[in-house]
4 protein chains.
Amino acid sequence: MSRAEATNRANPATPATTAGRPRSKRAHAAVLETTRELLSTLTYDQLSVDRIAAESGVSKRTIYRWWSNKAAIVMEAATATDIPAPDTGTLRGDLVALLVGIFDNVATHRPAQAIRGLLCEAQFDPAFAEDFRGYIGRRRQLCLEIVIRAAARHELRAGVQPEIVADLVYGAYWNRFLIGHAPLDRAFAEQVVDTLLAGIEPHG
Amino acid sequence: MSRAEATNRANPATPATTAGRPRSKRAHAAVLETTRELLSTLTYDQLSVDRIAAESGVSKRTIYRWWSNKAAIVMEAATATDIPAPDTGTLRGDLVALLVGIFDNVATHRPAQAIRGLLCEAQFDPAFAEDFRGYIGRRRQLCLEIVIRAAARHELRAGVQPEIVADLVYGAYWNRFLIGHAPLDRAFAEQVVDTLLAGIEPHG
Amino acid sequence: MSRAEATNRANPATPATTAGRPRSKRAHAAVLETTRELLSTLTYDQLSVDRIAAESGVSKRTIYRWWSNKAAIVMEAATATDIPAPDTGTLRGDLVALLVGIFDNVATHRPAQAIRGLLCEAQFDPAFAEDFRGYIGRRRQLCLEIVIRAAARHELRAGVQPEIVADLVYGAYWNRFLIGHAPLDRAFAEQVVDTLLAGIEPHG
Amino acid sequence: MSRAEATNRANPATPATTAGRPRSKRAHAAVLETTRELLSTLTYDQLSVDRIAAESGVSKRTIYRWWSNKAAIVMEAATATDIPAPDTGTLRGDLVALLVGIFDNVATHRPAQAIRGLLCEAQFDPAFAEDFRGYIGRRRQLCLEIVIRAAARHELRAGVQPEIVADLVYGAYWNRFLIGHAPLDRAFAEQVVDTLLAGIEPHG
DNA sequence: ATTTAATCGAGACGGTACGTCATGTCTTCGG
DNA sequence: CCGAAGACATGACGTACCGTCTCGATTAAAT
């Protein structure tokens, strides 16, 4: 299913099939592909619509006809690769796998780093923030499903709210990713999950 | 203790020679005060060095002599108010108070919202990121102290690492603050802390 | 014939491709008109590109797209009025009329004083100096034609080089104009021409 | 005898020997020497008071105490070398020698090229223009004396005004020097003088 | 076959901010 | 009082990116 439908100006519910020249698939693809290529060299802030237009051969006019701004383009271009939905059979295994999957994505897939820029844009552009939350919500869903599956296996303490768990799990990731005070590695994933599973106060 | 010492270009360890016209306290204060005033109306991205210069009556030349860019100014101007260090006597009380203190700070103190902008700048400016980590590290210290105090009171399960706890606690905050999918209120603080204390898997 | 073609960045010999938004005649005219207006109040050195942009409503970006600097703008704006080409029938009459025409131009037409600024810029900017020489060369042509016409009427002593005559005639003008030690009036024009015609040594 | 006394702010008629630290000869000499050194590498417009202060070790405050601006410094620094006063025994010889002397001065003595800058400053700074005219007037005197000497030898046609001759002779120089359309060489000097002596119309 | 209309490329445009530079003044300390 | 050091306000510089606009040329579905 396609992402970024709100800021992306077209994709009308009814294709309508009105008269006139149809949208060029070539231009659409070229913009996204060029954006991805540029993002494997440049950071989000170094990227510019001017540059995308120049490299892709698609005019700025056309770009702005279909995307409202740089953020919308990058949203569609850089969030194509999915984080795998883990299903290891245990809550611990799933959560660790989820985090490690996220870490690997940003570590190995250069354009995925553009998520930094998208988060930044979302801070000051309410319309884009809405879109961004939609994308983040879909990724968040992976965690919620893991927790709900765990509950069905009676691996969850009564009263635990999946939403809070998601905030804690993804929070740990965002925190280190954005602040950069410590690495995003498997050890971190395991420490986070173990701390979260057992809690921090003594019991029993 | 003073903040923002790295990107702030001067503040030499040794005042060294007393020769030369001394730095104008008026100009220094005017820049910071104007920045705070502007930030109670504008968002970080709407703020500009040009505007700060114009409103404060301090020349751009002088501003750039002492701060390397907008981020450095805002860092010094907007991070003056301290988050209170809670000491309620219990781990739960301290952590909830810490989070609520943070939430209140950004909710009631308009310029504190500029932390969004600072985090954004830190994403693409390594030098500033270092400074930003310094500031965040000092705030993070509050959490670490709470956890260490709790350990001394035997309120902490053996093997729990304070650093991981801090990542989880602040992560929950950053996550909701930056994504904005749900409110930052007392209920959230309590849910986060309770989940964290007891853990999410059943025990006993 | 149009002036200022070199530093003026566009005016391609071939309009070439018709693609793209055509150059705005409004913007072009507004820049030149505003420059002329400003030059009737300000001296060349008081003029700034910022000011031209502000008053004309043309963005600096656009100005710099078409002119390389202030000198190029003023060259095009302030050299529009032509010095009349005299043809009185005698060498003396023509030369006096030429000089008086030049004197009147700078005396009555305030923006024409900007020629001072253009000459200054030409001193340190080789590219602009080339353009400036082109413009000066076209004015110089007037004198050369006068001398050549006089030669045809046998009003010229054998061996006299028109180029040297031009250097002497215009030199007298530049000297007083730039140094300002004495006025540029008809009396001066006549004295210069009479001295030049008869020479300064006794003959016969 | 020293030049540039008007814009040069000190040199009071009465040294007065008032209280306080006396003016530093070292500072005075260092400014002029540094200016000359810089002018053998840089053009007038590339020179700055900041730079002179930095290289000479004299503070800007001190520089501005004694000179009103860059032009005044350069006036004093770069006009130290005198144009030789020729006395060959003939009018032709003197005038050619005068011009060749001027040409040689700017050709071989790099800082002498700064005269370009001084002339430019004089265009827009009336106070400096006055000073500049003083300096130019002293150089002009050389020509006037040549002409007057020639008159005493009956080498001058009756009615020829020395001032006009000076305007023509120096004008020819300034014209080529400032516009740069042709070289300043001995051939040019001779052509100018010969044309001037014999006039351009046929006689006898 | 001919309209019709939305698309496309190219690229100029106004706007706003950037960070740097030179000028001439001012403010301290020490000689 | 002078000199060195150097901070200061002013105001211009030329560049960059943004998002909008104006062209002539394409391209198909609807006539």
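Nothing here was measured: the structure is a model prediction, and the numbers come from that model.

1. Section: the packing of helix α8 (residues 162-179) of chain C against helix α9 (residues 186-198) of chain C
Residues and elements named next belong to chain C.
Link 1 in the chain: Packing of α8 against α9 leaves a shortest axis separation of 11 Å and a crossing angle of 150 degrees. With respect to α9, the element α8 is oriented roughly antiparallel. You can see that α8 and α9 cross each other, and the crossing is right-handed. Residues V165, L168, V169, A172 and R176 of α8 lie in contact with α9, whose contacting residues are F188, V192 and L196.
Link 2 in the chain: Taken together, the residues of the contact of α8 with α9 sort by class into seven nonpolar, no polar and one charged.

2. So, the packing of aromatic side chains
Link 1 in the chain: With the rule as written, the count across this model stands at 28 aromatic pairs over all chains.
Link 2 in the chain: Over the ring of W66 of chain B we find R23 of chain B; its NZ or CZ atom is 3.9 Å from the centre of that ring.

3. Section: the protein's contact with DNA strand F
Link 1 in the chain: The local shell around DNA strand F holds 44 residues, among which R61 of chain A, G20 and S59 of chain B, Y64 of chain C together with S24 of chain D are the closest.
Link 2 in the chain: Protein-adjacent atoms of DNA strand F, using a 4 Å cutoff, are sugar or phosphate at a proportion of 60%.
Link 3 in the chain: Between DNA strand F and R26 of chain D there is a distance of 3.1 Å, counted from a phosphate oxygen to a side-chain nitrogen or oxygen.
Link 4 in the chain: Between a phosphate oxygen of DNA strand F and a side-chain N or O atom of W66 of chain D, the distance comes to 3.1 Å.

4. Some words on the interface of chain D and chain C
Link 1 in the chain: The interface is formed by 50 residues belonging to chain D together with 50 residues belonging to chain C.
Link 2 in the chain: Its largest share of buried area at the contact with chain C, chain D owes to F124, R157 and I200 of chain D, together 18% of the area lost on that side.
Link 3 in the chain: Applying the counting rule to chain D against chain C returns two salt bridges.
Link 4 in the chain: Among the ionic pairs, R176 of chain C bridges to D167 of chain D, the shortest N-O distance being 2.9 Å.
Link 5 in the chain: Summed over the shared surface of chain D and chain C, the number is 26 residue pairs in polar contact (both at pLDDT 80 or more).

5. Regarding the protein's contact with DNA strand E
Link 1 in the chain: Lining the immediate environment of DNA strand E, one finds 44 residues, of which Y64 of chain B, G20 and W66 of chain C together with K60 and R61 of chain D sit closest.
Link 2 in the chain: V49 of chain B is positioned with one of its backbone polar atoms (N or O) 2.9 Å from a phosphate oxygen of DNA strand E.
Link 3 in the chain: Between T62 of chain C and DNA strand E, the recorded distance is 3.1 Å, taken from a side-chain N or O atom to a phosphate oxygen.
Link 4 in the chain: Breaking the surface near DNA strand E down by element, the ones donating at least two residues are α3 (60-66) of chain A, α2 (49-56) and α3 (60-66) of chain B, α3 (60-66) of chain C together with α2 (49-56) and α3 (60-66) of chain D.
Link 5 in the chain: In the surface near DNA strand E, the residues fall into 10 nonpolar, 15 polar and 19 charged.

6. Focus on the interface of chain B and chain A
Link 1 in the chain: Counting residues at the interface gives 50 residues for chain B and 50 residues for chain A.
Link 2 in the chain: Summing both sides of the interface, chain B and chain A together bury roughly 4500 Å²; the carbon and sulfur share of this comes to 66%.
Link 3 in the chain: Taken together, chain B and chain A are joined by 26 residue pairs in polar contact (both at pLDDT 80 or more).
Link 4 in the chain: Put simply, the parts of the chain that give the side of chain B that touches chain A at least two residues each are α5 (91-108), α6 (115-124), α7 (126-152), α8 (162-179) and α9 (186-198) of chain B.
Link 5 in the chain: In terms of residues, the side of chain B that touches chain A owes the most to one element, α8 of chain B, which gives 14 residues.
Link 6 in the chain: Residues of the side of chain B that touches chain A, tallied by class, amount to 27 nonpolar, 13 polar and 10 charged.

Rules of the game
Residues numbered from 1 in each chain as written. Chains lettered and ligands numbered in written order. Predicted model: local features only at pLDDT ≥ 70, side-chain atom pairs only at ≥ 80, totals over all residues. Heavy atoms only, no water. Axes fitted to C-alpha atoms, helices over the stretch in contact; angles between N-to-C directions. Helix = DSSP H or I, 4+ residues; strand = E, 2+ residues; numbered from the N terminus. Parallel < 35°, antiparallel > 145°, perpendicular 65-115°, else oblique. Left-handed = near helix turned anticlockwise from the far one by under 90°. Contact = heavy atoms within 4.5 Å. Nonpolar A, V, L, I, M, F, W, Y, C, P; charged D, E, K, R; others polar. Phe/Tyr/Trp six-rings, centres within 6.5 Å; stacked < 30°, edge-to-face > 60°. Lys NZ or Arg CZ within 6 Å of the ring centre and 35° of its normal. Near = heavy atom within 4 Å. Polar contact = N/O pair within 3.5 Å; in protein donor to acceptor, adjacent residues only side chain to side chain. Buried area = accessible area lost by both parts, 1.4 Å probe. Salt bridge = Lys/Arg side-chain N within 4 Å of Asp/Glu carboxyl O.

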